[in-house]
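Structural overview for review
Here is what each chain is made of, one letter per residue.
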Amino acid sequence: MESDFEPAYLLHARPYRDTQLIIECFSREHGRLAAVARGVKGSGKRARELAAALQPFQLLEIRWRGHGELKTLVDVESRQPLRLAGNSLFCALYVNEITLRALHRLDAHPLLWSGYETALKTMADCSAKDNEALQVILRRYELQLLAELGYGLDFYHDTASGAPIAAQARYKLSNDGGFYQVPAADQGYLGADLLALAQALEQSATLDQSKLRDLKRICRQALVPLVGAAPLKSRALFTR
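The following refers to the structure shown. (Residues numbered from 1 in each chain as written. Predicted model: local features only at pLDDT ≥ 70, side-chain atom pairs only at ≥ 80, totals over all residues. Heavy atoms only, no water.)

So, on to the side chain of serine 27. Secondary-structure assignment places serine 27 in strand β2 (residues 20–27). With relative accessibility at 0%, the residue serine 27 sits in the buried group. A distance of 3.3 Å separates the side chain of serine 27 from the side chain of glutamate 6, its partner in a polar contact. Beyond its immediate stretch of four places on either side in the chain, serine 27 contacts Glu6, Pro7, Ala8, Leu33 and Trp113. (Helix = DSSP H or I, 4+ residues; strand = E, 2+ residues; numbered from the N terminus. Buried < 20%, exposed > 50% of the residue type's maximum accessible area, 1.4 Å probe, protein only. Polar contact = N/O pair within 3.5 Å; in protein donor to acceptor, adjacent residues only side chain to side chain. Contact = heavy atoms within 4.5 Å.)

Below you can see the structure in the form of structure tokens.
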């Protein structure tokens, strides 16, 4: 089987044998796709072209062949790379890492692919110092990733009882991604805050620092079933 050219972004690459790489791409038509890229290392023109093309954060057009899970890269063409620096770059690396961990190979998610591309482009347009805007981009992508993979968050209903979230009650997030009521003395999310957060997200309204903090905690916990409990390497970059 040999594919036609299809758009993709490089998520990760690692050395393989002497002159090869195993690349993990997020392709629009086939989702996460792994392939062997041959002849990447060397001094020849083809090796230089491949090495220049196989970089993250630039739109690729890839063609591959193979029937198994690990394909062989046949050809690649690259477009103008996005310019990312500072926290924008760190955020983009984080997006790549959670996408790589969460997606199964050869499981197409064209809507998520579009959301991924939008997130990268929006981060590239942000000032590297505009941390609040970058955090909003990350949270919205995390929520889309969760929803696309069947772990979407319902901010309006108690997952245990099905009852509407009550403004004065306290809630915690369960391991399956739903909110359930806890005793008032417990340290949980106030129902009114969950409802306000849901409305702000639906209306694309500005998220204040309190909402951003809550949403970060919620998304981090909700992502564990998808990305695992092992520390994310990209998160360490934000503490340097």
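There is more to say after this.
Following the criterion strictly, the structure yields six aromatic pairs and no others. Summarising the aromatic geometry, the rings of tyrosine 9 and tyrosine 116 are spaced 5.4 Å apart at their centres and angled 65° between planes, so their arrangement reads as edge-to-face. Of the two residues, tyrosine 9 is situated in strand β1 (residues 6–16) and tyrosine 116 in helix α3 (residues 110–125); the sequence distance between them amounts to 107 residues. Across this residue pair, the class does not change: tyrosine 9 and tyrosine 116 are buried. Here phenylalanine 155 and phenylalanine 179 contribute two aromatic rings whose centre-to-centre distance is 5.5 Å and whose plane-to-plane angle is 35°, an arrangement assigned as tilted. Of this pair, phenylalanine 155 sits in the loop between α4 (131–148) and β6 (170–173) while phenylalanine 179 sits in strand β7 (residues 179–182), and the two are 24 residues apart along the sequence. On the basis of relative accessibility, which here comes to 6%, the residue phenylalanine 155 falls in the buried class. Among the aromatic residues, those joined into a ring-pair cluster are Tyr9, Phe26, Trp113, Tyr116 and Tyr141. Against the face of tryptophan 113 rests arginine 28, its NZ or CZ located 5.8 Å from the ring centre. (Phe/Tyr/Trp six-rings, centres within 6.5 Å; stacked < 30°, edge-to-face > 60°. Lys NZ or Arg CZ within 6 Å of the ring centre and 35° of its normal.)

Here α4 spans 26 Å end to end across 18 residues, near enough to the 26 Å set by a 1.5 Å rise per residue. All of the buried residues along α4 are Leu134, Ile137, Leu138, Arg139, Tyr141, Glu142, Leu143, Leu145 and Leu146. Contact partners of the buried residues in α4: β2, α2 (86–102), α3, α5 (191–202) and α6 (209–227). With its phi angle positive at about 85°, glycine 150 sits one or two positions after the end of α4. (Expected span 1.5 Å × (residues − 1).)

Examined bridge by bridge, β6 and β7 share four bridges and lie antiparallel to one another. Along β7, the bridge assignment pairs lysine 172 with tyrosine 180. (Pairing = 2+ DSSP bridges.)

Let us now look at the packing of α5 against α6. As a packed pair, α5 and α6 sit with axes 11 Å apart at the nearest point and diverge in direction by 95°. Comparing the axis directions of α5 and α6 gives the class roughly perpendicular. In contact with Asp193, Leu194, Ala196, Leu197, Ala200 and Leu201 of α5, α6 contributes Lys211, Asp214, Leu215 and Ile218. For the contact of α5 with α6, the residue count by class is seven nonpolar, no polar and three charged. (Axes fitted to C-alpha atoms, helices over the stretch in contact; angles between N-to-C directions. Parallel < 35°, antiparallel > 145°, perpendicular 65-115°, else oblique. Nonpolar A, V, L, I, M, F, W, Y, C, P; charged D, E, K, R; others polar.)

Let us look at the nonpolar core. Ranked by internal contacts, the top residues of the largest apolar core, which has 51 residues, are Met123, Phe155, Phe179 and Ile218. Contributions of two or more residues to this core are made by β1, α2, α3, α4, β6, α5 and α6. Among the elements that line this core, the one with the most residues is α6, at eight residues. Ignoring sequence-local partners within four residues, the contact set of isoleucine 218 consists of Leu153, Phe155, Leu173, Phe179, Tyr189, Leu194 and Leu197. Core analysis: the second largest hydrophobic core is formed by 17 residues, Leu33, Ala35, Val40 and Ala53 among them. (Core = buried A, V, L, I, M, F, W, Y, C linked by side-chain atoms within 4.5 Å.)

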